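# Structural overview
What follows is the residue order along each chain.
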Amino acid sequence: MTVLLVFVIIMNLIGYIIMNIDKQRAKRKEYRISEKTLWTIAILFGAIGMTVGMRQFRHKTKHAQFKIGLPVLSLVNILVVVYLLTEL
């Protein structure tokens, strides 16, 4: 149970930080983090952190797949974690 919670917290921190990094790279017109990488982190329980980062840094907010997909995936992440915690 503790391992799961630590993993989820770490993944959300990574998701939050990676949205900031990608936004800064976009501003400087540097090489960007791929959308595949962003979605991988989101699927691996980082969607909440990425959603917060998306809104705070105003990054990817014009892309419907992120604007709608990340909040929906956040809810799915929460449901899965709650389910796993109740089953352990």
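Attention here is on the structure that accompanies the text. (Residues numbered from 1 in each chain as written. Predicted model: local features only at pLDDT ≥ 70, side-chain atom pairs only at ≥ 80, totals over all residues. Heavy atoms only, no water.)

Right, let's get into the packing of helix H1 (residues 2–27) against helix H2 (residues 35–57). In the contact formed by H1 and H2, the axes pass within 7 Å of each other and the chain directions differ by 60 degrees. Taken together, the axes of H1 and H2 are oblique relative to one another. Crossing angle aside, the handedness with which H1 passes H2 is right-handed. Among the residues making up the contact of H1 with H2, the classes are represented as 17 nonpolar, eight polar and two charged. (Axes fitted to C-alpha atoms, helices over the stretch in contact; angles between N-to-C directions. Helix = DSSP H or I, 4+ residues; strand = E, 2+ residues; numbered from the N terminus. Parallel < 35°, antiparallel > 145°, perpendicular 65-115°, else oblique. Left-handed = near helix turned anticlockwise from the far one by under 90°. Nonpolar A, V, L, I, M, F, W, Y, C, P; charged D, E, K, R; others polar.)

With that settled, consider the nonpolar core. Met19, Leu38, Trp39, Ala42, Met50, Phe66 and Leu70 are the most contacted members of the largest nonpolar core, which has 15 residues in total. With eight residues, the single largest contributor to this core is H2. Residues contacting Leu70, with those up to four places away along its chain left out, are Trp39, Ala42, Ala47, Met50, Thr51, Met54 and Gln65. (Core = buried A, V, L, I, M, F, W, Y, C linked by side-chain atoms within 4.5 Å. Buried < 20%, exposed > 50% of the residue type's maximum accessible area, 1.4 Å probe, protein only. Contact = heavy atoms within 4.5 Å.)

This part covers the pattern of salt bridges. If the charged atoms of two oppositely charged side chains come close together, the side chains can form a pair. With the rule as written, the count across this model stands at three salt bridges. Here Arg32 and Asp22 are joined by a salt bridge, their closest N and O atoms 3.1 Å apart. Pair noted here: Arg32 is in the loop between H1 and H2 and Asp22 is in helix H1, with a separation of ten residues, a long-range link. With its nearest N and O atoms 3.4 Å apart, the salt bridge here joins Glu35 to Lys60. In this pair, Glu35 sits in helix H2 while Lys60 sits in the loop between H2 and helix H3 (64–87), placing the two residues 25 residues apart along the sequence. Accessibility expressed as a relative area gives 10% for Lys60, which makes it buried. (Salt bridge = Lys/Arg side-chain N within 4 Å of Asp/Glu carboxyl O.)

The next thing to look at is the packing of H2 against H3. H3 packs onto H2 with a crossing angle of 95 degrees between their chain directions and a minimal axis gap of 8 Å. The orientation of H2 relative to H3 falls into the category roughly perpendicular.

So, about the side chain of Asn77. Among the structural elements, Asn77 can be located in helix H3. Reaching out from Asn77, the side chain makes a polar contact with the backbone nitrogen of Ala47 at a distance of 3.5 Å. In this structure, Asn77 is in contact with Ala42, Ile43, Phe45, Gly46 and Ala47, ignoring residues within four places of it in sequence. (Polar contact = N/O pair within 3.5 Å; in protein donor to acceptor, adjacent residues only side chain to side chain.)

Turning to the side chain of Ser74, a few remarks are in order. Relative to the helices and strands, Ser74 is located in helix H3. When sequence neighbours within four positions are dropped, the list of residues in contact with Ser74 reads Ala47, Ile48 and Thr51.

No statement about biological role is implied by the geometric values presented.
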